[in-house]
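# Coordinate inspection notes
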Amino acid sequence: MTDVTVRADDAIPAAEVEDVELYHPKSWVTKYVYCQDAKVIAIQYSLTAMAIGLVALVLSWLMRLQLAFPGSFSFIAPTDYYQFITMHGMIMVIYLLTALFLGGFGNYLIPLMVGARDMVFPYVNMLSYWIYLLAVLVLVASFFAPGGPTGAGWTLYPPQAILSGTPGRDWGIILMLASLILFIIGFTMGGLNYVVTVLQARTRGMTLMRMPLTVWGIFTATVMALLAFPALFAACVMMLFDRLLGTSFFMPSVVELGSYLQYGGGSPILWQHLFWFFGHPEVYIVALPAFGIVSDLISTHARKNIFGYRMMVWAIVAIGALSFVVWAHHMYVSGMDPNFGFFFATTTLIIAVPTAIKVYNWVLTLWRGDIHLTVPMLFALGFIVTFVNGGLTGLFLGNVVVDVPLSATMFVVAHFHMVMGVAPLLVIFGGIYHWYPKITGRMLNDRLGKFHFWITFLGAYAIFFPMHYLGLLGVPRRYYELGEMAFIPPSAATLNIFITAAALTVGAAQLVFFFNLAWSLFRGKLAGSNPWHATTLEWQTPQTPPAHGNWGKELPIVYRWAYDYSVPGAAQDFVPQNQPAATGAAA
Amino acid sequence: MVIALIFALIVIFSILFHFLSPWWFTPIASNWRYIDDTIIITFWITGVVFTAVVLFMSYCVYRFRHQEGRQAAYEPENRKLEWWLAIVTAFGVAAMLTPGLFVWSQFVTVPREATEFEVVGQQWQWSFRLPGKEGQLGTSDARFVSPDNPLGLNPDDPSGQDNIVIIGDDLHLPVGKPVKVLLRSIDVVHDFYVPEFRAKMDLMPGLVTHFWFTPTRTGTFEILCAGFCGIGHPQMRGNVVVDNEADYQAWLQKQQTFAQLSAPKKQ
Ligand code: HEM
Ligand SMILES: [Cu+2]
Ligand SMILES: [Cu+2]
């Protein structure tokens, strides 16, 4: 057929790294706390990310309460509201999504899926987690610092971020920048590990073009993050200097509430360039792992090979590369030379093509499949709807002149929540329902899972779909209250109440999910080693949950790509990647 | 099949919502009708794609749901179909981008006859400055800001003396005449946003930014700040009054110049 699928006479390429000797834990502490096993680190990352994510979720309830019932809550003053927005946004994007996809899914799945015993630098990998934890603690500390956390918005634009009209200007902003710096250091340690592991530690026969798309997504996202985070790192250090040492990297000559400050010559727009040079790729840093994971969920649960595998790989790589030349679409109205608009609008809309190809290939994988509507599959389908919706509104905001009226309105808030908030989260949930049996040996409860899916998916759509129309009307974002505005009809307030009701419902459904995670750990149905009849290597481990070193005595050998589902003539509707050709398909 | 039905209902609901929702653009009051047109084109194209993809998916979920004895097809690739889809997509994208860039080139080309005025932002109020008889805006710097000189105009620049300064009051503009708005902030990033004019632009401290538009109908329009600027951000409001020529001139006569405002202090 084509060269992605197996042929009996295919040579099996050797692995680039021979089998390794691992550090073996000697006590409980080295097994579960200072642990070098990527699988334990993955769980540490995931639990920490979910814990801090829960904080961001609670903050979103408070913000929604304020927007629906402005001024009714004595504990939400404007200062608090802006701190909530900022912390919510920052936590969701960096400390939850990035950490969970790369530190969580990346650590768990990369070594297992490429047939390695562990990450290549297990000790550095362990350090990566502890530094991440420290970053989270510093972030949490800012809630208790004098003046509270920063309220500068998650974009932390100077001069405002370090001037006194903004909450958290004393300690909050310093702790925020310090925490980001730590996060980036920790991430870099982990990230180098993921990249080297994928490039060097694949088992015999695991060519790049036989890797599951999950690995491709996480790998590409990690490479991007390694290139993008340094810009944020430098920007954070520069802003710390501006704040603490009185330098003027981002500070022109300005007045602070009436008095002239001793700054001058700096450029606040430089921060925006640095921030978005990181910030736009960041969108794809959370999107690409989601793309990869969802491809595997769809293929497995539709019992069909992913459609157009090679195109999918190239689309991931193309999106990753292009996303470095679109950053200024966040700055169309920032006052940069408006002629940049032509370039950035063009590059931005070009990205739509590889992205659309991915969507087509997902739905074409469903075509003539054998679709099992399991909970992971439901989340995958929900992802497609949400992502298509959020991706299409990106074509409004990317098309420079259309962005002019819509920028900084609720349209933007609705767009990015759909595309990079809800859509990746749906994949995270789908992924957890899918791999939880491998991680714990037990299935998550199906009924609770379906309940969780429907409330989350429909609820999130109800929150964010109507919100676009508030933005069209001109309702601005980051407004503590709208007050009296002649162009805003009273019906908008009713819509805001509806949105808040949906948000609280969705929030409550997440508690059901957490309950399910805990309950199933002890009471879940026993899973066996391969409950979904999947082909990829992590389902072929000798033990479930996999032991330290993953593979027992012998590393697996890979004979085929990751998508041999429903191969004509095969005995079962799946052929594991480590099954030799002779016993597999005739193809 | 419930799930396939729900996906189809999402599409139907979204389309109905789009057409029935009472929340829509404000009635336009500037020349940027083209922006609205581009949005409408984009709505059509993206709406068709959304409908097609989700309905197709919902059909697949219904038609190919697991049943006893079903086996999925084995079809790794279909180069022809993949390229065909990519090309159609590229055309769709071009159909949105082309009018978009065409309108953008108008947006960035300020007409020669446009008259200039300045918007000054500070936490948290709008002020305005119009050139005086000489037709020149004098120089300015945050350094000069003081209670008597809140806009930071250079007191030694003669061309600034006759500038008309409006603080804490409405801005008036004549209808039908293109204006070039110069934007300046003396503290943090703000954004001058009048929903009815569609156009908006940041006030970036350290720079003077600009954009242009032509007011096309008379009336009073609210100015919002659309660039987060600290806790007073939602309170940073103002009004633009678009007048006919006679009313505008009458209003203009009543305004004070920078020299007049600072005169008592100088003596
Ligand atoms: C059901 C869940 C969620 C709800 C109800 C929610 C709600 C909100 C609200 C009300 C705002 C403030 C909008 C404004 O500016 O007026 C906001 C901002 C934001 N949210 Fe969410 N959110 C949710 C989930 C997420 C997720 C999963 C992400 C991850 C990407 C996210 C990222 C952000 C960001 C980046 C901001 C902007 C913060 C800023 O303006 O500085 N949110 N969210
Ligand atoms: Cu402002
Ligand atoms: Cu503002």
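The shown structure was predicted, so the numbers you read here are calculated from the model rather than taken from an experiment. Here the residue index of a chain counts from 1 through its sequence in written order. For this description, chains carry letters from A and ligands carry numbers from 1, given in the order in which they are written. Where local features are concerned, this predicted model is filtered to residues with pLDDT of at least 70; where side-chain atom pairs are given and counted, the filter is 80 or more; whole-chain, interface and lining totals use all residues. Excluding hydrogens and water, the side-chain figures rest on all heavy atoms present in the structure.

## Brief notes about the overall build of chain B
Secondary structure elements are taken from DSSP: a helix is a run of H or I of four residues or more, a strand is a run of E of two residues or more, and numbering for both begins at the N terminus. Within chain B, the regular secondary structure consists of five helices and ten strands. Taken over C-alpha atoms, the radius of gyration is set against a globule rule of 2.2 Å times the number of residues to the power 0.38. In summary, chain B has a C-alpha radius of gyration of 26 Å against a globular reference of 18 Å for 267 residues, an excess of more than 25%. Over its C-alpha atoms, taken along the principal directions, chain B stretches across nearly 100 × 35 × 35 Å. Relative to its full complement of 267 residues, chain B shows a buried share of 55%. A 1.4 Å probe and the Shrake-Rupley method give the accessible areas. Residues count as covered only by the protein chains that appear here. Taken as a whole, chain B presents about 11900 Å² of accessible surface, with 61% of it coming from carbon and sulfur. Here the term buried applies to any residue with accessible area under 20% of the maximum for its type, exposed to any over 50%, and partly exposed to those in between, with areas from a 1.4 Å probe on protein chains only.

## Things to note about the packing of aromatic side chains
Two rings from Phe, Tyr or Trp (for Trp, the six-membered ring) form a pair when their centres sit within 6.5 Å of each other. Planes less than 30 degrees apart are called stacked, planes more than 60 degrees apart edge-to-face, and all others tilted. In the structure shown here, the tally under the stated rule is 71 aromatic pairs over all chains. With centroids separated by 4.6 Å and ring planes inclined at 40 degrees, the aromatic side chains of Tyr82(A) and Phe228(B) adopt a geometry described as tilted. Placement of Tyr82(A) in helix H3 (residues 78-114) and of Phe228(B) in the loop between strand S9 (219-225) and strand S10 (238-243) is noted, with the two residues assigned to different chains. What makes Phe228(B) buried here is its relative accessible area of 7%. Aromatic pair Phe465(A) and Tyr469(A): ring centres 5.7 Å apart, planes at 55 degrees, arrangement tilted. Taken together, the residues Phe465(A) and Tyr469(A), both in helix H13 (residues 446-473) and four residues apart, mark about one turn of the helix. The same class applies to Phe465(A) as to Tyr469(A), namely buried. By definition here, charges over rings are those cases where NZ of Lys or CZ of Arg is within 6 Å of the ring centre and within 35 degrees of the ring normal. Geometry around Tyr193(B) places Lys200(B) over its ring, the cationic atom sitting 4.2 Å from the centre.

## Some thoughts on the site of ligand 1
All names here are of chain A. Nearness is defined per residue: one heavy atom within 4 Å of the molecule or strand is enough. As a matter of local geometry, ligand 1 sits amid 25 residues, with His88, Trp154, His417, Arg477 and Arg478 nearest to it. Here a polar contact is taken to be a pair of N or O atoms separated by no more than 3.5 Å, where protein atoms must pair a possible hydrogen donor with a possible acceptor and residues adjacent in sequence count only if both atoms sit in side chains. One of the side-chain N or O atoms of Tyr81 is found 3.5 Å from an oxygen atom in ligand 1. At 2.7 Å from an oxygen atom of ligand 1 is found a main-chain nitrogen or oxygen belonging to Trp154. Looking at the shell around ligand 1, the elements with two or more residues in it are helix H2 (38-68), H3, helix H12 (410-440) and H13. For the shell around ligand 1, a count of residues per class yields 16 nonpolar, six polar and three charged. Charged means Asp, Glu, Lys or Arg here, nonpolar means Ala, Val, Leu, Ile, Met, Phe, Trp, Tyr, Cys or Pro, and polar covers whatever is left, Gly included.

## Notes on unusual backbone geometry
All names here are of chain A. Residue Pro158 is joined to Pro159 through a cis peptide bond whose omega torsion reads 0 degrees. Tracing the sequence through the fold places Pro159 in the loop between helix H4 (122-144) and helix H5 (172-200). Along the chain, Thr544 connects to Pro545 via a cis peptide bond; the corresponding omega equals -10 degrees. The backbone of Leu257 shows a phi angle near 40 degrees, a positive value even though the residue is not glycine. Assignment of secondary structure puts Leu257 in the loop between strand S1 (255-256) and strand S2 (259-260). Leu257 sits in the partly exposed class, given a relative accessible area of 48%. Phi at Ser566 takes a positive value of approximately 50 degrees, unusual for a residue other than glycine. Mapped onto the secondary structure, Ser566 falls in the segment after helix H14 (491-523).

## Topic: the interface of chain B and chain A
Residue contacts are defined here by distance: any two heavy atoms, one from each residue, within 4.5 Å place the two residues in contact. If you look at the interface, chain B gives 97 residues, while chain A gives 118 residues. A quick way to say it: buried area is the sum, across both parts, of accessible area lost when two parts are put together, with a 1.4 Å probe. The junction of chain B with chain A conceals about 9100 Å² of combined surface from both sides, 73% of it contributed by carbon and sulfur atoms. The salt bridge criterion pairs a side-chain nitrogen of Lys or Arg with a carboxyl oxygen of Asp or Glu, the two atoms within 4 Å. Between the two partners, chain B and chain A, sit one salt bridge. A salt bridge links Glu77(B) to Arg310(A); its shortest N-O distance comes to 2.6 Å.

## What to know about the side chain of Arg64(A)
Residues and elements named next belong to chain A. Along the chain, Arg64 falls in helix H2. No salt bridge forms around the buried Arg64; measuring N to O, its nearest opposite-charge neighbour Glu481 is 14 Å away. The contact partners of Arg64, leaving out residues within four places of it in the chain, are Met467, Asn496, Ile499, Thr500 and Ala503. A residue counts as positive if it is Lys or Arg and as negative if it is Asp or Glu; His and the chain ends are not included.

## What about the domain arrangement of chain B?
Residues and elements named next belong to chain B. These domain boundaries are the output of an automatic or database domain assignment. By domain assignment, chain B separates into domain 1 (2-65 + 78-108) and domain 2 (115-266). For domain 1 versus domain 2, the distance between C-alpha centres works out to 39 Å. With twelve residues of domain 1 in contact, the opposing surface of domain 2 contributes 14 residues. Roughly 1100 Å² is buried in total at the junction of domain 1 and domain 2, and carbon and sulfur atoms are behind 52% of that figure. Of all residues in domain 1, the largest losses of buried area upon contact with domain 2 belong to Ala29, Asn31 and Phe107, amounting jointly to 44% of the total for that side. For the pair domain 1 and domain 2, the number of links is one salt bridge. For Asp36, the salt bridge goes to Arg198, with nearest N and O atoms at 2.8 Å. Where domain 1 meets domain 2, there are twelve residue pairs in polar contact (both at pLDDT 80 or more). Looking at the side of domain 1 that touches domain 2 residue by residue, the class counts come to seven nonpolar, four polar and one charged.

## Things to note about the pattern of salt bridges
Using the criterion set out here, one finds 13 salt bridges over all chains in the structure. With a shortest N-O distance of 3.5 Å, Lys450(A) and Asp446(A) are connected by a salt bridge. Highlighted residues: Lys450(A) and Asp446(A), both in helix H13, separated by four residues, approximately one helical turn. Counted as one network, the salt bridges with shared partners bring together Glu118(B), Arg129(B) and Arg184(B).

## With respect to the coordination of the copper ion (ligand 2)
All names here are of chain B. Coordination shells were defined by N, O and S atoms within 2.8 Å of each metal, extended to 3.2 Å for Na, K and Ca; water is absent from the atom set, which can make sites look incomplete. Protein coordination at the copper ion (ligand 2): the donors are His190 (ND1), Cys225 (SG), Cys229 (SG) and Met236 (SD), at 2.0 to 2.6 Å from the metal. Geometry at the copper ion (ligand 2) is irregular, judged from the four donor atoms that bind it and their angles of 87 to 138 degrees at the metal. Summarised as a motif, the one-chain spacing of the donors to the copper ion (ligand 2) is H-x34-C-x3-C-x6-M. In this structure, the copper ion (ligand 2) is positioned 2.5 Å from the copper ion (ligand 3), and both are ligated by Cys225. We classify Cys225 as buried; its relative accessible area is 0%. For a four-donor site, all angles between 85 and 135 degrees give tetrahedral; for four or six donors, opposite pairs above 155 degrees with the remaining angles between 65 and 115 give square planar or octahedral; all remaining cases count as irregular.

## Describing the UniProt feature "transmembrane region" (unreviewed entry) in chain B
Sites flagged by UniProt as "transmembrane region" (unreviewed entry) map to residues 5-26, 38-62 and 83-104 of chain B. Segment residues 83-104 of chain B splits into 100% helix and 0% strand. End C-alpha atoms: 30 Å apart. UniProt positions are given in the numbering used here, feature names are shortened, and annotations may be inferred rather than shown by experiment.

## Examining the nonpolar core
Residues Tyr95(A), Phe105(A), Tyr132(A), Leu156(A), Trp362(A), Phe383(A) and Phe192(B) are the most contacted members of the largest nonpolar core, which totals 284 residues. Counting residues per element, this core draws most heavily on H3(A), which supplies 24 residues. Looking at which domains feed residues into this core, each of domain 1 (2-65 + 78-108) and domain 2 (115-266) of chain B gives three or more. Among residues more than four places away in sequence, those in contact with Phe383(A) are Phe291(A), Val294(A), Trp362(A), Ala423(A), Leu426(A) and Val427(A). As used in this record, nonpolar core signifies buried Ala, Val, Leu, Ile, Met, Phe, Trp, Tyr and Cys residues forming a set joined through side-chain atoms within 4.5 Å. Formed by nine residues, the second largest nonpolar core is a distinct cluster that contains Val255(A), Val120(B), Val145(B) and Phe258(B).

## A short note on a nonpolar patch on the surface
All names here are of chain B. Candidates for patches are residues over 30% relative accessible area with no salt bridge; among them, like charges are joined within 9 Å and nonpolar side chains (Val, Leu, Ile, Met, Phe, Trp, Tyr) within 5 Å. A surface patch of nonpolar side chains, about 1000 Å² in accessible area, is lined by Leu5, Leu9, Ile12, Ile15, Leu16, Phe19, Leu20, Ile40, Trp44 and Val48. Per element, the largest residue contribution to the nonpolar patch is seven residues, and it comes from helix H1 (residues 2-20). Positionally, Leu20 belongs in helix H1.

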